[in-house]
Amino acid sequence: QAFVPVLAETLKNPDPALRKLSATALESLNWTPPDIEYSVIYSIAIEDCGQCAQLGSVAVPALCELLEQPGNSQYISIIETLGQIGDRGAVASLIRLLEQPMPMDKYGYNLSSPLLRIHCGCLVALGKIGDPSTIEYIKGRLGSENPLEVQYSAVSALSGFGAEAHKVVPSLIQLLKYTSHLDEV
């Protein structure tokens, strides 16, 4: 029991393996988080994004911080959780991820890149958050210079805005014309 404070503090370590190891040790000692902050970092350490979603907006800063860590294996789960929570505090982090350029190969976009799923997930999460200030940004992803998967995710995101997104209808019509033309080819 003397190591509990050290183990609990290690839950804040940037190394996910060390966080998980500390969480496992704490669990074996029947430790329970003493407050909401520790509930969040413990849930992150055991990779329980569902619990983070239940904790709500209080989990958003810690989840956004994880998105800043390169090579994080939980990007998609974290992005989906941020969308579930629906807190506008996640918008800047999601947009930063969307600003990472999509990798290209000799045929165009590398569609097997994890970044494609990250971009699509960020767009859908932004739609669930529903911050009207993101409509124009999402609209920018409708262009034919983006992979179709990204364009479809942008449409999905915009559908969550209802009447607030009426100004993007011309762009949606252009997208429909473009994709209809692809079917003919």
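Residues numbered from 1 in each chain as written. Predicted model: local features only at pLDDT ≥ 70, side-chain atom pairs only at ≥ 80, totals over all residues. Heavy atoms only, no water.

Caption draft 1: Up close: the pattern of salt bridges. Under the definition given, this model contains four salt bridges. For Lys12, the salt bridge identified is with Glu9, shortest N-O distance 3.5 Å. On the basis of relative accessibility, which here comes to 38%, the residue Lys12 falls in the partly exposed class. Across the pair Lys20 and Glu47 runs a salt bridge whose closest N-O atoms are separated by 3.7 Å. Here Lys20, found in helix H2 (residues 16–28), pairs with Glu47, found in the loop between helix H3 (36–45) and helix H4 (49–55); they are 27 residues apart in sequence, far enough to count as distant. On the basis of relative accessibility, which here comes to 38%, the residue Glu47 falls in the partly exposed class. Overlapping salt bridges, with partners in common, bring together Glu9, Lys12 and Glu37 in one network. (Salt bridge = Lys/Arg side-chain N within 4 Å of Asp/Glu carboxyl O. Buried < 20%, exposed > 50% of the residue type's maximum accessible area, 1.4 Å probe, protein only. Helix = DSSP H or I, 4+ residues; strand = E, 2+ residues; numbered from the N terminus.)

Caption draft 2: How the structure looks around the layout of surface pockets. Considering only enclosed or pocket space, the largest pocket measures out at about 200 Å³ in volume. Around the largest pocket, the lining residues are Leu11, Lys12, Asn13, Pro14, Arg19, Glu37, Ile41, Ile44, Ala62, Glu65, Leu66 and Gln69. Sorting the residues of the lining of the largest pocket by element identifies H3 and helix H5 (60–67) as the ones contributing at least two each. (1 Å grid on protein atoms, 1.4 Å probe; cavity = no way out; pocket = protein on both sides within 12 Å on 5 of 7 lines; lining within 4 Å. Points joined across faces, edges and corners; volume = space filled by probe spheres on them.)

Caption draft 3: Highlighting the environment of Ala25. By the element assignment, Ala25 lies in helix H2. When its relative accessible area of 24% is taken as the criterion, Ala25 is described as partly exposed. Residues Ala25 and Val4, 21 residues apart in the sequence, show an inter-C-alpha distance of 8.8 Å.

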